[in-house]
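# Observations on the three-dimensional arrangement
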Amino acid sequence: MQATYDAIQQHGYAGLTIQSIADNFGKSKAVLHYHYDTKEDLLAAFLNYLLSEFRETIQIDEDSSPEQQLLDLVDVLLYGPDDSSSEEIFQMQTALLEIQSQSPHKQLYRDQFTQIYRWLGNLFVEIINNGIAENVFRDVNTHLTAQHLLLIIVGGILNRHTTNSEMNPDQIREIVTTQFLPCLKK
């Protein structure tokens, strides 16, 4: 999986081949083809691997307030786990966006990203529901509110990677803290 990640970063999706992955892996193409029939199958496994790794990095502190839990999750999405550099996160987001850009044409990728976004949305729903139960957040449609927050984050990341705007993770977080949260809080 690391070789796949390295090859995506070096070549982008368009230049990614089984051979470039094999070169980073230090094995032959035949070894990769033994396990994966196509590049798409390998990338679907890569996305599944990333989702598993990402799930392990998400640690919601049950003792913190719902507002802090929400901000902690936003921070992991924007800045990555504590031991990640901003360049590592930027490169990982770029790699994911390159694969995601193929989702309209590759059902397998679309299914993987649907699973990722559904899982993230459910985490936000759980946190928002807890905030409502603790009388910290207004009584809102939790699913729509979670989707709204996820769209702010994903849209900000997409804007950062695909335009010449000055958007950065700090600005996305500021939108969440100054625009989104005040509307959610009681």
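Our subject in this report is the structure included herewith.

Parameters and conventions
Residues numbered from 1 in each chain as written. Predicted model: local features only at pLDDT ≥ 70, side-chain atom pairs only at ≥ 80, totals over all residues. Heavy atoms only, no water. Core = buried A, V, L, I, M, F, W, Y, C linked by side-chain atoms within 4.5 Å. Buried < 20%, exposed > 50% of the residue type's maximum accessible area, 1.4 Å probe, protein only. Helix = DSSP H or I, 4+ residues; strand = E, 2+ residues; numbered from the N terminus. Contact = heavy atoms within 4.5 Å. Polar contact = N/O pair within 3.5 Å; in protein donor to acceptor, adjacent residues only side chain to side chain. Axes fitted to C-alpha atoms, helices over the stretch in contact; angles between N-to-C directions. Parallel < 35°, antiparallel > 145°, perpendicular 65-115°, else oblique. Nonpolar A, V, L, I, M, F, W, Y, C, P; charged D, E, K, R; others polar. Patch = residues over 30% accessible without salt bridge, like charges linked within 9 Å, V, L, I, M, F, W, Y side chains within 5 Å. Areas by Shrake-Rupley, 256 points an atom, 1.4 Å probe, with all protein chains shown as cover. Salt bridge = Lys/Arg side-chain N within 4 Å of Asp/Glu carboxyl O. Lys, Arg positive; Asp, Glu negative; His and termini not counted. Charge placed at Lys NZ, Arg CZ, Asp CG, Glu CD.

### Things to note about the nonpolar core
The biggest cluster of nonpolar side chains holds 50 residues, and the ones touching the most others in it are Leu70 and Phe124. At the level of elements, α1 (2–15), α2 (18–25), α4 (39–57), α5 (66–79), α6 (86–100), α7 (107–133), α8 (142–162) and α9 (169–184) are the ones that each hand at least two residues to this core. A total of 10 residues in this core trace back to one element, the largest contributor, which is α7. Not counting residues within four places of it along the chain, the set of residues in contact with phenylalanine 124 comprises Leu70, Leu73, Val74, Leu77, Ala146, Leu149, Leu150 and Ile153.

### Side note on unusual backbone geometry
The backbone of asparagine 135 shows a phi angle near 65°, a positive value even though the residue is not glycine. By the element assignment, asparagine 135 lies in the loop between α7 and α8. Take asparagine 135: its relative accessible area is 48%, and that puts it in the partly exposed class.

### Description of the environment of lysine 39
Relative to the helices and strands, lysine 39 resides in helix α4. C-alpha of lysine 39 to C-alpha of isoleucine 18: the two residues are 21 residues apart in sequence and 6.1 Å apart in space. Once residues within four sequence positions are removed from consideration, lysine 39 is found in contact with Tyr13, Leu16, Thr17, Ile18 and Tyr109. For lysine 39, the side chain forms a polar contact with the main-chain oxygen of leucine 16, separated by 3.0 Å.

### A closer look at the packing of α6 against α7
With their axes 10 Å apart at the nearest point, α6 and α7 run at an angle of 130° to one another. One element, α6, and the other, α7, form an angle in the oblique class. Touching Leu96, Ile99 and Gln100 of α6 are Tyr109, Phe113 and Tyr117, all from α7. Along the lines of polarity and charge, the residues of the contact of α6 with α7 split into 5 nonpolar, 1 polar and no charged.

### Here's the deal with a negative patch on the surface
A cluster of acidic side chains, namely Asp61, Glu62, Asp63 and Glu126, defines a negative patch on the protein surface. Tracing the backbone through its elements, the reader meets aspartate 61 in the loop between α4 and α5.

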